[in-house]
Amino acid sequence: MKNLLFILMSSSIFFIGCKENKKDAAPGQDVITEANDTAKATSMNEEETSEVKITPIEHATAVLEWKNITIYIDPVGGAEAFEGYKSPDLILITDIHGDHFNVETLEALGTDKAKLIAPQAVAEKLPEVFTPQIDVLNNGESKERYGITIEAVPMYNLREEALKFHEKGRGNGYILTFGDQRIYFSGDTEDIPEMRNLKDIDKAFICMNLPYTMTPESAADAVLEFKPKKVYPYHYRGKPDVSDVSKFKELVNAGDSNIEVIQLDWYPNDTY
């Protein structure tokens, strides 16, 4: 009888411990889990237990965390925008515009130990002190850092009236590969052929704001072409209007119900 009681108590403790090990995403944060519960229970140190946490900061700016690596995407907003986050190991900048690139923020964050990936147009605007940290990537080029493959993909305008905003070859969208997970950040672009031809994208962060990028209709049409597993509207505040992301979701869901549209809070200081 005592042995039976001991076994029951041990089983209960194990069950409770397993429940407590499960980790949920914080509000406003997305988590990609690459391991199932069985893998977690049998081998906590294996590669497949790693996950990518994606946290929106504002507009085009995000923080990604993978294993012990912290990545900042288009960091702007000053050091206060990144309070509570680890210093970056890797920084990706898409373009020269102020909502993607801000020297004062880079200096305030103390990013001297971070590798910085950027197109040539951005590199030319960085102070010389950053030169040893910079990896220049042009459209079509790739680089591996910290076990992450970063591919630079085109981002540019197609409409005649918008060509002045983003010329072809100046800025980069990025595809980041973490193990078998491929995450795409569009940067500032319209529904260009290079985006429509993307393959095997697990998560796509898609801009939609006029007059600078594209309409929700154009964004949805492109997404239905390259079919990511999940898509996240971001960078949707325009001038003067805010894009209708609910319309975007409606169009995507109507065209392909297998694509999941996820809305994160990219404008925490605004009512929309």
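Residues numbered from 1 in each chain as written. Predicted model: local features only at pLDDT ≥ 70, side-chain atom pairs only at ≥ 80, totals over all residues. Heavy atoms only, no water.

Asks: Can you walk me through the overall build of the protein chain in this structure?
Replies: Each helix and strand counted, the protein chain has seven helices and 14 strands in total. In the protein chain, buried positions account for 48% of the 272 residues. Look at the contacts in the protein chain between residues 6 or more apart in sequence, and 56% of them connect residues 24 or more apart. Total accessible area on the protein chain is roughly 13700 Å²; 50% of this is exposed by carbon and sulfur atoms. (Helix = DSSP H or I, 4+ residues; strand = E, 2+ residues; numbered from the N terminus. Buried < 20%, exposed > 50% of the residue type's maximum accessible area, 1.4 Å probe, protein only. Contact = heavy atoms within 4.5 Å. Areas by Shrake-Rupley, 256 points an atom, 1.4 Å probe, with all protein chains shown as cover.)

Asks: Quick question: what am I supposed to make of the side chain of Arg-170 here?
Replies: Within the secondary structure, Arg-170 sits in the loop between β9 (148-155) and β10 (171-178). Under the relative-accessibility criterion, Arg-170 is labelled buried at 13%. Side-chain polar atoms of Arg-170 contact the backbone oxygen of Phe-165, separated by 2.8 Å. In this structure, Arg-170 is in contact with Asp-95, Ile-96, His-97, Pro-119, Ala-121 and Phe-165, ignoring residues within four places of it in sequence. (Polar contact = N/O pair within 3.5 Å; in protein donor to acceptor, adjacent residues only side chain to side chain.)

Asks: How should the pattern of salt bridges be read in this particular structure?
Replies: When charged atoms on two side chains of opposite charge get close, those side chains can pair. Under the counting rule described, the total for this entry stands at 15 salt bridges. Among the charged side chains, a network of salt bridges with common partners joins Asp-191, Arg-196, Asp-221 and Glu-225. (Salt bridge = Lys/Arg side-chain N within 4 Å of Asp/Glu carboxyl O.)

Asks: Would you explain the sheet that holds β10 in this entry?
Replies: Paired through backbone hydrogen bonds, the strands of a sheet run either parallel or antiparallel to each other. Strand order in the open sheet formed by seven strands is β8-β9-β10-β11-β12-β13-β14, with mixed pairing between adjacent strands. The open sheet terminates on both sides in strands that have one partner only, identified here as β8 (142-145) and β14 (260-261). Sheet analysis places β8 next to β9, joined by four bridges and oriented antiparallel. The residue of β9 that forms the bridge with Lys-143 is Ile-150. Its contacts with the sheet put helix α6 (residues 216-226) on β11 (181-185), β12 (203-206) and β13 (230-233), and the angle it makes with β12 is roughly 160°. (Pairing = 2+ DSSP bridges. Axes fitted to C-alpha atoms, helices over the stretch in contact; angles between N-to-C directions.)

Asks: I tried to follow the packing of aromatic side chains on my own but got confused; where do I start?
Replies: Aromatic ring pairs are described here by two measures, namely the spacing of the ring centres and the angle between the planes. Applying the stated criterion across every chain yields a total of eleven aromatic pairs. A ring pair is formed by Phe-205 and Tyr-232, whose centres lie 4.5 Å apart and whose planes are at 10°; its orientation type is stacked. One end of the pair, Phe-205, is in strand β12; the other, Tyr-232, is in strand β13, and 27 residues separate them in sequence. Among the residues examined, Phe-205 registers a relative accessible area of 0% and is labelled buried. Pairing Tyr-236 with Tyr-267 gives two aromatic rings, centres 4.9 Å apart and planes at 75°, and the pair type is edge-to-face. Of this pair, Tyr-236 sits in the loop between β13 and α7 (245-255) while Tyr-267 is found in the segment after β14, placing the two residues 31 residues apart along the sequence. Under the relative-accessibility criterion, Tyr-236 is labelled buried at 5%. Ring pairing ties together the aromatic residues Phe-185, Phe-205, Tyr-232, Tyr-234 and Trp-266, which thus form one cluster. (Phe/Tyr/Trp six-rings, centres within 6.5 Å; stacked < 30°, edge-to-face > 60°.)

Asks: Looking at this structure, how should I read the environment of Phe-165?
Replies: Mapped onto the fold, Phe-165 is located in the loop between β9 and β10. Separated by 47 residues in the primary sequence, Phe-165 and Tyr-212 have C-alpha atoms spaced 6.3 Å apart. The residues contacting Phe-165, other than those within four sequence positions of it, are His-97, Asn-157, Arg-170, Pro-211 and Tyr-212.

Asks: Could you clarify how one ought to interpret the packing of α6 against α7 in this entry?
Replies: For any two helices packed against each other, one specifies the inter-axial angle together with the distance between the axes. Here α6 crosses α7 at 30°, and the two axes come no closer than 9 Å. Between α6 and α7, the angle falls in the class roughly parallel. Crossing angle aside, the handedness with which α6 passes α7 is right-handed. From α6, Pro-216, Glu-217, Ala-219, Ala-220, Val-223 and Leu-224 reach across to α7, where they touch Lys-247, Phe-248, Leu-251, Val-252 and Gly-255. Classifying every residue of the contact of α6 with α7 by side-chain character gives eight nonpolar, one polar and two charged. (Parallel < 35°, antiparallel > 145°, perpendicular 65-115°, else oblique. Left-handed = near helix turned anticlockwise from the far one by under 90°. Nonpolar A, V, L, I, M, F, W, Y, C, P; charged D, E, K, R; others polar.)

Asks: Can you walk me through the pairing of strand β2 (residues 51-58) in this structure?
Replies: In terms of burial, β2 is a largely internal element, seven of the eight residues being buried. Looking at chain direction, β2 and strand β3 (residues 61-66) are connected through six bridges and run antiparallel. In the sheet register, Thr-55 faces β3, and the bridge partner there is Val-63.

Asks: I keep staring at α6 and nothing clicks. Help me out?
Replies: For the α-helix, the turn length of 3.6 residues means that residues three or four positions removed from each other point alike. Among all positions of α6, only Pro-216, Ala-219, Ala-220, Ala-222, Val-223 and Phe-226 are buried. Axial view of α6: buried residues confined to an arc of 165°, hence all on one face. Among the structural elements, β11, α5 (193-196), β12, β13 and α7 are those in contact with the buried residues of α6. Remark: Lys-227 follows α6 within two positions and exhibits a positive phi of approximately 55°. (Arc of directions from axis to C-beta.)

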